[in-house]
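Here is what each chain is made of, one letter per residue.
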Amino acid sequence: MIVSWNTTNACNMYCEHCYRDAGVKAEEELSTAEAKSLLTEIAKSGFKIMIFSGGEPLMRPDIVELVAQAKSLGLRPVFGTNGTLITPKMAQDLKAAGAAGMGISLDSLDQGKHDRFRATPGAWAGAVKGMENCREAGLAFQVHTTVMDWNRPEVNAITDFAVKIGAVAHHTFFLVPTGRAVNIKEESLRAEEYEQILTEIMEKQKTVPIELKPTCAPQFMRIAKQMGLKMRFGRGCLAGTHYCIISPVGNVQPCAYLNISAGNVRERPFSEIWATAPVFQELRTMAYKDGCGRCEFKKVCGGCRARAYFYHDGDYMAEEPWCLYHGRKGF
């Protein structure tokens, strides 16, 4: 099971697609003591992978201490970061504290395009330097790419770049309109384009030695099965079943893009929220509607619950809007 904690809302960038609308540190973010208690609760609940994200998690001054705490609890600490703050010393400190991997964002091989998307001059160079610093420190890293209409033709080339620079994986993220991403939703892909690019990614997986994984496009699991491609993943959408996220101030929600609070860790223990919150209980029924409900792949796919929520007036159990299949046998 995987949990992600937005450690802070502070960020040194102002990316167009940020679901957290990050930039300035939020008032009353969890303290170091509260964070350590949260990590204990997360381990108690049976989670194994602990994602430190943000905002920009490396802007939190106690981040190395918290990584060490997570490691001591038997969690596997990993990161989602823009990479620009991974100095040689930071990479070494994180490695020594027990960090298992860094997910570093790179959205284009064109420096200008990446920097514009991230609204920060030098973002591309900083991300690549961060990767190199991880490599030198022996700290595993992977490349994260948000797929849009303007960089869709580059996806396979970015995979090749990831292989060349020494990444262990290339994870592609598909836009869900939340936070600032609402302003650029027209740049996201649609059903036919999703089917096409996911098929291309799965075909690419056959030719490269690193892991390729689409995120927020759970139909990749159906496509992989149809292609006879074995994946280590058991399911596409994990929201509320094997995954949840915690905000900088302690709100728990099913995923980063499904903005429904299941409770706050300052008011109830995280383990209790995870076990009993109604939104989690409903998601675990897998009683989806329409195409997702009748689909024979619903247990391995699940449809994107956040995209269903956005495009079906708050109904997160509705069918995934950007899927061509929807339970059609012989597709």
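See the structure printed just above.
For clarity, every value in this text was computed on a predicted model and none was experimentally measured. (Residues numbered from 1 in each chain as written. Predicted model: local features only at pLDDT ≥ 70, side-chain atom pairs only at ≥ 80, totals over all residues. Heavy atoms only, no water.)

## Some remarks on the overall build of the chain
Phase 1 of the analysis: Helices and strands together make up the secondary structure of the chain, namely 12 helices and 10 strands.
Phase 2 of the analysis: Principal-axis analysis of the C-alpha atoms places the extent of the chain at approximately 55 × 45 × 35 Å.
Phase 3 of the analysis: The buried share of the chain, taken over its 331 residues, is 58%.
Phase 4 of the analysis: If you sum the accessible surface of the chain, you get close to 13400 Å²; carbon and sulfur atoms cover 53% of it.
Phase 5 of the analysis: Between the mean site of the 39 positive side-chain charges and the mean site of the 36 negative ones, the chain shows a separation of 7 Å. (Helix = DSSP H or I, 4+ residues; strand = E, 2+ residues; numbered from the N terminus. Buried < 20%, exposed > 50% of the residue type's maximum accessible area, 1.4 Å probe, protein only. Areas by Shrake-Rupley, 256 points an atom, 1.4 Å probe, with all protein chains shown as cover. Lys, Arg positive; Asp, Glu negative; His and termini not counted. Charge placed at Lys NZ, Arg CZ, Asp CG, Glu CD.)

## A look at the environment of Cys-216
Phase 1 of the analysis: Here Cys-216 lies in the loop between strand S7 (211-215) and helix H8 (220-226).
Phase 2 of the analysis: Assessed through its relative accessible area of 17%, Cys-216 is described here as buried.
Phase 3 of the analysis: Spatially, the C-alpha atoms of Cys-216 and Asn-12 are 25 Å apart, while their sequence positions differ by 204 residues.
Phase 4 of the analysis: Discounting chain neighbours no more than four positions away, the residues touching Cys-216 are Phe-174, Val-176, Tyr-257 and Arg-307. (Contact = heavy atoms within 4.5 Å.)

## Thoughts on the sheet that holds strand S10 (residues 263-264)
Phase 1 of the analysis: Read from one edge of the open sheet, 10 strands run S7-S6-S5-S4-S3-S2-S1-S8-S9-S10, paired in mixed fashion. What marks the edges here is a single partner per strand, and that holds for S7 and S10.
Phase 2 of the analysis: In this structure, strand S1 (residues 2-6) lies alongside strand S2 (residues 49-53), joined through five bridges in parallel fashion. Looking across to S2, one finds that Trp-5 is bridged to Phe-52.
Phase 3 of the analysis: Lying over the sheet, helix H7 (residues 191-205) contacts strand S6 (169-174) and S7, oriented at roughly 160 degrees with respect to S7. (Pairing = 2+ DSSP bridges. Axes fitted to C-alpha atoms, helices over the stretch in contact; angles between N-to-C directions.)

## Brief notes about the environment of Arg-235
Phase 1 of the analysis: Looking at the secondary structure, you find Arg-235 in the loop between H8 and strand S8 (243-246).
Phase 2 of the analysis: Between the C-alpha atom of Arg-235 and that of Ala-125, which follows or precedes it by 110 residues, the distance is 34 Å.
Phase 3 of the analysis: If we skip the residues at most four places from it in the chain, Arg-235 touches Met-221, Thr-241, Met-286, Tyr-288, Lys-298, Lys-299, Val-300, Cys-301 and Gly-302.
Phase 4 of the analysis: A polar contact of 2.8 Å, which involves the side chain of Arg-235, links it to the backbone oxygen of Cys-237.
Phase 5 of the analysis: A distance of 3.0 Å separates the side chain of Arg-235 from the backbone oxygen of Lys-299, its partner in a polar contact. (Polar contact = N/O pair within 3.5 Å; in protein donor to acceptor, adjacent residues only side chain to side chain.)

## Thoughts on the pattern of salt bridges
Phase 1 of the analysis: Scanning the model with the defined rule gives 15 salt bridges in all.
Phase 2 of the analysis: Between Arg-152 and Glu-200 there is a salt bridge whose closest N-O contact spans 2.9 Å. Note that Arg-152 is positioned in the loop between strand S5 (141-147) and helix H6 (155-165) and Glu-200 in helix H7, a separation of 48 residues in sequence.
Phase 3 of the analysis: Assessed through its relative accessible area of 29%, Glu-200 is described here as partly exposed.
Phase 4 of the analysis: The salt bridge involving Arg-222 is made with Glu-195; its shortest N-O contact spans 2.7 Å. Linking Arg-222 in helix H8 with Glu-195 in helix H7, this pair joins segments that are 27 residues apart in sequence. An identical accessibility class is assigned to Arg-222 and Glu-195; each is buried. (Salt bridge = Lys/Arg side-chain N within 4 Å of Asp/Glu carboxyl O.)

## Here's the deal with the pairing of S2
Phase 1 of the analysis: The sheet contact formed by S2 and strand S3 (residues 76-81) spans four bridges and is parallel. Looking at S3, one finds that Ile-49 is bridged to Arg-76.
Phase 2 of the analysis: For the handedness criterion, the β-α-β arrangement of S2, helix H2 (residues 63-72) and S3 is classed as right-handed. (Right-handed = clockwise from strand over helix to strand, strands pointing away.)

## Some thoughts on empty space enclosed by the protein
Phase 1 of the analysis: Taken as a whole and judged by the stated rule, the model has one cavity of 30 Å³ or more.
Phase 2 of the analysis: Put simply, the largest cavity is a space of about 100 Å³.
Phase 3 of the analysis: What lines the largest cavity is a set of 15 residues, among which Cys-292, Cys-295, Cys-301, Gly-303 and Cys-323 lie closest to the centre.
Phase 4 of the analysis: Grouping the amino acids of the lining of the largest cavity by side-chain chemistry returns seven nonpolar, five polar and three charged. (1 Å grid on protein atoms, 1.4 Å probe; cavity = no way out; pocket = protein on both sides within 12 Å on 5 of 7 lines; lining within 4 Å. Points joined across faces, edges and corners; volume = space filled by probe spheres on them. Nonpolar A, V, L, I, M, F, W, Y, C, P; charged D, E, K, R; others polar.)

## Digging into the side chain of Gln-253
Phase 1 of the analysis: With respect to the helices and strands, the residue Gln-253 is situated in strand S9 (residues 251-253).
Phase 2 of the analysis: Within the structure, the side chain of Gln-253 is placed 2.8 Å from the backbone oxygen of Cys-255, a separation counted as a polar contact.
Phase 3 of the analysis: Reaching out from Gln-253, the side chain makes a polar contact with the backbone oxygen of Ala-256 at a distance of 3.4 Å.

## Some details on the side chain of Thr-215
Phase 1 of the analysis: Structurally, Thr-215 is set in strand S7.
Phase 2 of the analysis: Residue Thr-215 is classed as buried on the basis of its relative accessible area of 17%.
Phase 3 of the analysis: For Thr-215, the side chain forms a polar contact with the side chain of Lys-213, separated by 3.4 Å.
Phase 4 of the analysis: Aside from chain neighbours lying at most four places away, what touches Thr-215 is Thr-172, Phe-173 and Phe-174.

## Describing the state of the cysteines
Phase 1 of the analysis: For the structure on display, the rule yields zero disulfides.
Phase 2 of the analysis: Cysteine Cys-255 is unpaired, with the sulfur of Cys-216 as its nearest cysteine sulfur at 6.0 Å.
Phase 3 of the analysis: Left unpaired, Cys-301 is separated from the closest cysteine sulfur, that of Cys-323, by 6.1 Å.
Phase 4 of the analysis: According to the relative accessible area criterion, Cys-301 is buried, its value standing at 10%. (Disulfide = S-S within 2.5 Å.)

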